[in-house]
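Residue strings, one per chain:
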Amino acid sequence: MKEQVEKLNKKKEQALLGGGQKRIDDQHKKGKLTARERLDLLMDAGSFEEIGALVEHRGRDFGIDKEIYLGDGVVTGYGTINGRIVYVFSQDFTVFGGSLSETHAEKICKIMDLAMKNGAPVIGLNDSGGARIQEGVVSLGGYADIFYRNTVASGVIPQISAILGPCAGGAVYSPAITDFIMMVEQTSYMFVTGPNVVKTVTHEDVTSEELGGAYAHASKSGVTHFTYANEVECINSIKRLVSYMPQNCDEQAPVYDYEEGNEVREKLNTVIPANPNQPYDIREVITEIVDGDSFHEVHKDYAENIVVGFARIGGRSIGVVANQPAVLAGVLDINSSKKGARFVRFCDCFNIPLLTLVDVPGFLPGTDQEWHGIITNGAKLLYAFSEATVPKITVIVRKAYGGAYDVMNSKHIGADMNYAWPNAEIAVMGAKGAAEIIFKKEISSAENKVAKLKEVVDAYAENFANPYKAAARGFVDEVIEPSQTRAKLIRAFKMMENKAVKLPRKKHGNIPL
Ligand code: HXC
């Protein structure tokens, strides 16, 4: 037995070394951590249990059979983050550039299957040169096996992808199907075709970083939800992100302690500027309402005219969706609709109640928006809110105009509680635009057109640009003093703790993709 144990320990030591010290040093020189160093940072100390450390690839071509690295370029297993089980894979760039072989894919599939059977999140730390070129189609098949599992697991268990190196070609589609993507500036990139192919096909000169780096995907494509200056920040943020989520779609997110006491927030009475056209940062409203330091913004640099993110209120996780008057006056457009819809659907999958803060002047007009499909894309947000069955609360903090009033979680599409602040304006459009249309004749025939316009605009605003018509109909349940908002929301979310709504039986809906 002693001999066998010695042999085992030797193999284990070999597996720990990955592709060898030189390649580990190269990885560090690039400003990257190794697969195992990343896991050490991510998991609770001593909790990681490795699965498949002794796996060997089965490649036989191009002399690859002479190069065997135990584990085959991916460290897989399970462990805990803040005491809660997660399944992880961490690609090891020191072994064939982290490329995905048949066996590498099998290891990832194995932990995904375990995660599904046992109802816990999967976290992927991606750092890979893509399909193992020497293995050909079995490697492509391995990718597809993963994509299929990503899809089946979607909405059942949370899936998070950190991109910590290259992620190119079809390999990008596994992260793309997962719920959240994170990237690190300067050391990670994602693209379907790299700079060389781009140069050949479109004659564009572009670097990897410009084409598919963290900045490009955070602000231009919206592919990544989070970006970080370094891997340590990125990995710490994964731990924070999972704290808002349940383990699976049949559970609730963990409840945290919060400082109970006076829930009145006087600052909310003065946060909205007196002039209805003056911008302000909706984050000031969000952070006043939710538990201290609990707001965790998602997709921060993309479609900034809408703000989405996780938070806690009374210790419980919620998803916040809020128009952002500081950017494009908070108007809804294609990108903000897609961003909002995706976030709403995540929250609904995982039983995270929704808080919607409304200050929206409508949809963005123009040929660009119409020709790129604001109709289909705006409908995504409408659809997502309508189908969400989690507790849904809306607070209209200023404007709620036109179709955007309906879309932003109105009573009509299933919101449970709708509040408005006293300065709210709920109407088909702004007072000036509306008055100019319906009083066109009166204005043009008036001696003093400016005075007449002012008179009819004031009359319209007095009549319609307030929350009381909506409250009289019950479309708004209560008009509240802003400072009372937090207290009201804590109670209302608690009131709905056991909400149970079943939509009609169907295979699945057909969201306008
Ligand atoms: C096998 C690979 C590999 C791969 C890298 N290596 N990618 N081995 N298959 N796909 C090996 C290298 O030969 C090298 O081995 C080691 O990993 C490190 O690679 P370097 O090139 O030295 O590193 P670096 O300069 O950092 O460049 C990283 C890289 C580059 C940009 C990822 O290696 C690269 O372009 N690789 C090929 C990428 C690619 O075309 N992949 C296929 C994409 S198509 P040694 O022994 O020298 O250390 C695809 C389709 C998926 O993935 C489809 C799914 C449906």
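Placed above this text is the structure.
Cut-offs and rules
Residues numbered from 1 in each chain as written. Predicted model: local features only at pLDDT ≥ 70, side-chain atom pairs only at ≥ 80, totals over all residues. Heavy atoms only, no water. Buried < 20%, exposed > 50% of the residue type's maximum accessible area, 1.4 Å probe, protein only. Helix = DSSP H or I, 4+ residues; strand = E, 2+ residues; numbered from the N terminus. Contact = heavy atoms within 4.5 Å. Core = buried A, V, L, I, M, F, W, Y, C linked by side-chain atoms within 4.5 Å. Near = heavy atom within 4 Å. Polar contact = N/O pair within 3.5 Å; in protein donor to acceptor, adjacent residues only side chain to side chain. Areas by Shrake-Rupley, 256 points an atom, 1.4 Å probe, with all protein chains shown as cover. Nonpolar A, V, L, I, M, F, W, Y, C, P; charged D, E, K, R; others polar. Patch = residues over 30% accessible without salt bridge, like charges linked within 9 Å, V, L, I, M, F, W, Y side chains within 5 Å. Salt bridge = Lys/Arg side-chain N within 4 Å of Asp/Glu carboxyl O. Axes fitted to C-alpha atoms, helices over the stretch in contact; angles between N-to-C directions. Parallel < 35°, antiparallel > 145°, perpendicular 65-115°, else oblique. Left-handed = near helix turned anticlockwise from the far one by under 90°.

Trainee: How do you make sense of helix α9 (residues 214-221) when you look at a structure like this?
Mentor: For an α-helix the count is 3.6 residues per turn, leaving residues at separations of three or four pointing the same way. For α9, every residue scored as buried is listed here: Ala-214, Ala-216, His-217 and Ala-218. Residues of α9 that are buried sit in contact with β7 (180-184), β8 (189-191), α8 (208-212) and β9 (226-228). Immediately downstream of α9, the backbone of Gly-222 shows phi near 75°, a positive value.

Trainee: How should the nonpolar core be read in this particular structure?
Mentor: Most often, soluble globular proteins keep nonpolar side chains buried together rather than apart. Within the largest apolar cluster, 58 residues are counted, with the highest numbers of intra-cluster contacts made by Leu-42, Ile-123, Phe-310, Val-321 and Ile-396. Excluding its chain neighbours within four sequence positions, the residues that come into contact with Phe-310 are Phe-180, Leu-241, Tyr-244, Ser-294, Phe-295, His-296, Val-298, Ile-318, Phe-343, Phe-346, Cys-347 and Ile-352. One finds Tyr-280, Val-285, Ala-311 and Ala-492 within the second-largest nonpolar core, a separate group that totals 30 residues.

Trainee: Any chance you could explain the site of the ligand here in plain terms?
Mentor: Taken together, 20 residues lie near the ligand, and Arg-23, Lys-30, Gly-97, Gly-129 and Ala-131 sit nearest. Between the ligand and Ser-99, the relevant distance is 3.5 Å, taken from a nitrogen atom to a side-chain nitrogen or oxygen of the residue. One of the backbone N or O atoms of Ile-133 is found 3.1 Å from a nitrogen atom in the ligand. With the chains in place, 54% of the 1,000 Å² that the ligand exposes on its own is no longer accessible. Breaking the shell around the ligand down by element, the ones donating at least two residues are α5 (137-153) and β6 (166-168). The greatest single-element share of the shell around the ligand, amounting to three residues, is contributed by α5. The residue makeup of the shell around the ligand, split by class, is 11 nonpolar, six polar and three charged.

Trainee: Would you mind going over a nonpolar patch on the surface with me for this structure?
Mentor: Side chains of Val-428, Met-429, Ile-437 and Ile-438 sit close together on the surface and give an oily, nonpolar patch of about 390 Å² of accessible area. Mapping Ile-438 onto the fold places it in helix α16 (residues 431-438).

Trainee: I tried to follow the packing of helix α12 (residues 334-349) against helix α14 (residues 374-387) on my own but got confused; where do I start?
Mentor: For any two helices packed against each other, the geometry comes down to the angle between their axes and how far apart the axes lie. α14 packs onto α12 with a crossing angle of 25° between their chain directions and a minimal axis gap of 8 Å. The angle between the axes of α12 and α14 places the two elements in the roughly parallel class. Note that α12 runs across α14; the crossing there is left-handed. Where α12 abuts α14, its residues Ile-334, Ser-337, Lys-338, Gly-340, Ala-341, Val-344, Arg-345 and Asp-348 lie against Ile-374, Asn-377, Gly-378, Lys-380, Leu-381, Tyr-383, Ala-384, Phe-385 and Glu-387. For the contact of α12 with α14, the per-class residue count stands at eight nonpolar, four polar and five charged.

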